[in-house]
Amino acid sequence: MNDPHRLLAATLGVALLATGCTGSDPKPPVKLLVSGAPEEIAAFRALAQAYQAKNTGSAVQIIEAGSAGDLITRLSTSIAGGAPPDVFLINYRAYGQFAGKDAIEPAQERLDSSEIIEPGDFYPVAMEAFQWRGRQLCMPQNASSLAVYYNKGLFAKYGVPEPKAGWAWNDLLATASALTRDANGKPVNAGEADAGGRTAVVHGLSVEPVMIRVAPFAWSNGGEVVDDPQHPTRFTLEDPATREALRNFVDLRQAYGVVPTDQEAEAEDEESRFVNGRLAMIMSSRRVTTTFRTITGFDWDVAPLPTYGTPANILHSDAYCITRGAADKDEAWRFVEFAMSPQGQRIIAATGRTVPSNVEVSRSPAFLDPAQRPKNGHVWLDAIPVLRRVPTVSTWPEIEDATSGLLENAMYRGDPIDKVIAELDATTRPLFARAEAP
């Protein structure tokens with residue numbers, strides 16, 4: 001007589017072989033698309049390894065994109081081709097184009113039922129940036145903003161006081177002017193440099209001529225950059241307070257020559273210029289910290305943004321988003337959940353890559369490590385109460401692209417401000433008109 005238990009086992013064994021799987025087969029890896037410098041990619045590899053160690057049988061495959069632009073191109077192509085990554089990391093300024101096409105799996109329902117994380121764990125300003133039509137779409141990993149990185153060695157060498165909390169725009173200008181020097185260490189003014197005289201080999205400041213660098217100064221001066229942050233229809237750069245901030249921004253090059261010329265900026269990017277000791281100050285987000293921690297030739301630190309009297313700063317935040325076409329959305333969520341947990345947030349924070357969106361982790365030694373640079377990392381936490389963000393409409397990446405060239409022409413070529421404002425308005429109004437709002 002046949003043993004029914006043996007017969008059942010044999011039948012199941014044949015069935016498993018026929019489907020090509022066994023109980024010990026590993027799960028397909030969660031494909032994570034990220035971009036950044038080698039030091040940033042190393043941070044995500046550390047996160048993936050920790051996730052795999054905690055979840056036996058799970059794996060994460062890192063897909064590298066060279067830049068944020070490359071990531072968007074690869075993401076768009078893969079979604080159109082029906083083979084998207086499971087999870088991607090994207091800035092809030094760029095995710096609207098995918099949200100508007102319903103290409104992102106909302107996180108809201110899984111977040112509501114999570115036993116590991118909850119909305120109250122995170123800074124609201126970062127969470128709100130990734131809410132689309134009433135639902136949490138993606139989970140923000142950081143709550144970064146702009147800070148002024150500075151070369152302490154150059155400040156000491158030229159006897160210039162280091163920047164401190166409460167400094168104003170004119171303080172920034174005076175400091176940058178004092179640190180713009182020729183090969184003999186003598187101060188160089190814009191008139192001498194532009195007339196073909198002494199050339200600056202050290203510049204006092206570098207700041208990209210893009211809208212997200214202008215915006216916090218417009219806000220600090222009491223101005224606005226768009227007519228409605230939630231449903232914008234146009235830029236409002238002609239507003240007197242905004243125009244003044246834009247004029248002063250452009251004058252960093254045109255009137256004072258404290259930032260590199262267009263040719264110098266193309267020959268050496270600002271991060272390399274800072275690392276190489278030829279730049280006293282640079283405005284950037286927390287992202288560059290991983291690169292700057294490799295500096296051995298001098299000490300550096302960070303200072304808060306200068307103001308026009310009213311403190312203001314701009315949110316720099318990116319988030320983990322799950323694609324609609326993810327192979328296993330539940331497994332993808334488990335990875336995101338881990339990445340957003342205190343353990344996951346501490347791993348990335350320890351690399352210097354982020355200002356953790358998790359409130360508790362942001363106040364812990366994982367972020368505020370006194371043994372790591374920058375020493376004044378608290379400036380990012382101090383900025384959180386005054387953070388604002390630009391719109392997240394679906395066409396915002398196109399709007400930023402359209403503004404960049406015109407702002408460059410103003411800063412480097414000296415195009416009249418009113419002409420630039422008019423051209424910006426004419427160029428971008430059609431882009432605002434076809435935008436989908438969150």
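Residues numbered from 1 in each chain as written. Predicted model: local features only at pLDDT ≥ 70, side-chain atom pairs only at ≥ 80, totals over all residues. Heavy atoms only, no water.

Overview of the overall build of the protein chain
Okay, so step 1: Along the backbone of the protein chain there are 20 helices and 13 strands.
Okay, so step 2: Here the C-alpha atoms of the protein chain give a radius of gyration of 25 Å, agreeing with the 22 Å that 2.2 N^0.38 yields for 438 residues.
Okay, so step 3: Expressed along its principal axes, the backbone C-alpha trace of the protein chain runs to roughly 105 × 50 × 35 Å.
Okay, so step 4: Counting over 438 residues, the protein chain shows a buried share of 54%.
Okay, so step 5: Considering only contacts within the protein chain whose residues lie at least 6 apart along the sequence, 74% involve residues at least 24 apart.
Okay, so step 6: Carbon and sulfur atoms form 52% of the exposed surface of the protein chain, whose accessible area is close to 18,800 Å².
Okay, so step 7: Of note, the protein chain has its 41 positive side-chain charges centred 3 Å away from the centre of its 54 negative side-chain charges. (Helix = DSSP H or I, 4+ residues; strand = E, 2+ residues; numbered from the N terminus. Rg over C-alpha atoms; globule rule 2.2 N^0.38 Å. Buried < 20%, exposed > 50% of the residue type's maximum accessible area, 1.4 Å probe, protein only. Contact = heavy atoms within 4.5 Å. Areas by Shrake-Rupley, 256 points an atom, 1.4 Å probe, with all protein chains shown as cover. Lys, Arg positive; Asp, Glu negative; His and termini not counted. Charge placed at Lys NZ, Arg CZ, Asp CG, Glu CD.)

Regarding the sheet that holds strand β8 (residues 147–151)
Okay, so step 1: Strands sit in the order β9-β8-β10 across an open sheet of 3 strands; the sheet is antiparallel. The sheet is open, and its two edges are formed by β9 (281–284) and β10 (300–303), each paired on a single side. Taken pair by pair, the neighbouring strands of this sheet meet at an average axis angle of 25°, ignoring direction.
Okay, so step 2: In this sheet, β10 lies alongside β8 in antiparallel orientation, the contact comprising 4 bridges. Pairing of Y150 across the sheet is with D301, part of β10. (Pairing = 2+ DSSP bridges. Axes fitted to C-alpha atoms, helices over the stretch in contact; angles between N-to-C directions.)

Quick word on the state of the cysteines
Okay, so step 1: Counted by the stated rule, this structure contains 1 disulfide.
Okay, so step 2: The side chain of C138 participates in a disulfide bridge whose partner is C321; the two sulfur atoms lie 2.1 Å from each other. Residues C138 and C321 are joined through a disulfide that is right-handed, its torsion about the S-S bond being 110°. Of this pair, C138 sits in the loop between β6 (135–136) and β7 (139–140) while C321 is found in strand β12 (residues 318–323), placing the two residues 183 residues apart along the sequence. Neither C138 nor C321 differs from the other in exposure class; each is buried. (Disulfide = S-S within 2.5 Å.)

Regarding the nonpolar core
Okay, so step 1: Residues Y95, I104, Y149, L205, F274 and M281 are the most contacted members of the largest nonpolar core, which totals 105 residues.
Okay, so step 2: In contact with L205, not counting residues within four places along its chain, are L172, A176, L252, V258, V259, P260, L279, M281, I282 and M283.
Okay, so step 3: Counting residues in each nonpolar core, the second largest holds 32 residues, with V34, A50, M139 and F338 among its members. (Core = buried A, V, L, I, M, F, W, Y, C linked by side-chain atoms within 4.5 Å.)

Some remarks on the side chain of S78
Okay, so step 1: Considering the arrangement of structural elements, one finds S78 in helix α3 (residues 68–80).
Okay, so step 2: What S78 contacts, discounting residues up to four positions off in sequence, is A83, P84 and P85.

Some words on the packing of helix α19 (residues 396–413) against helix α20 (residues 417–433)
Okay, so step 1: The interhelical angle for the contact between α19 and α20, taken along N-to-C directions, is 170°, at an axis separation of 10 Å. Comparing their axes, α20 and α19 come out roughly antiparallel. On the side of α19, the interface is formed by W396, E398, I399, A402, T403, L406, L407 and A410, while α20 contributes V420, E423, L424, T427, T428, L431 and F432.
Okay, so step 2: Here the residues of the contact of α19 with α20 are counted per class, giving 10 nonpolar, 3 polar and 2 charged. (Parallel < 35°, antiparallel > 145°, perpendicular 65-115°, else oblique. Nonpolar A, V, L, I, M, F, W, Y, C, P; charged D, E, K, R; others polar.)

A short note on the environment of N189
Okay, so step 1: Assignment of secondary structure puts N189 in the loop between α8 (169–178) and α9 (190–194).
Okay, so step 2: We classify N189 as partly exposed; its relative accessible area is 42%.
Okay, so step 3: Sequence-wise, N189 and A178 are 11 residues apart; in three dimensions their C-alpha atoms are separated by 9.3 Å.

Considering unusual backbone geometry
Okay, so step 1: The step from R373 to P374 runs through a cis peptide bond, and the omega angle for that step is 5°.
Okay, so step 2: Here P374 shows up in the loop between α17 (359–362) and α18 (378–383).
Okay, so step 3: Of note, R133 is a non-glycine position whose phi angle comes to about 50°, a positive value.
Okay, so step 4: Looking at the secondary structure, you find R133 in the loop between β5 (131–132) and β6.

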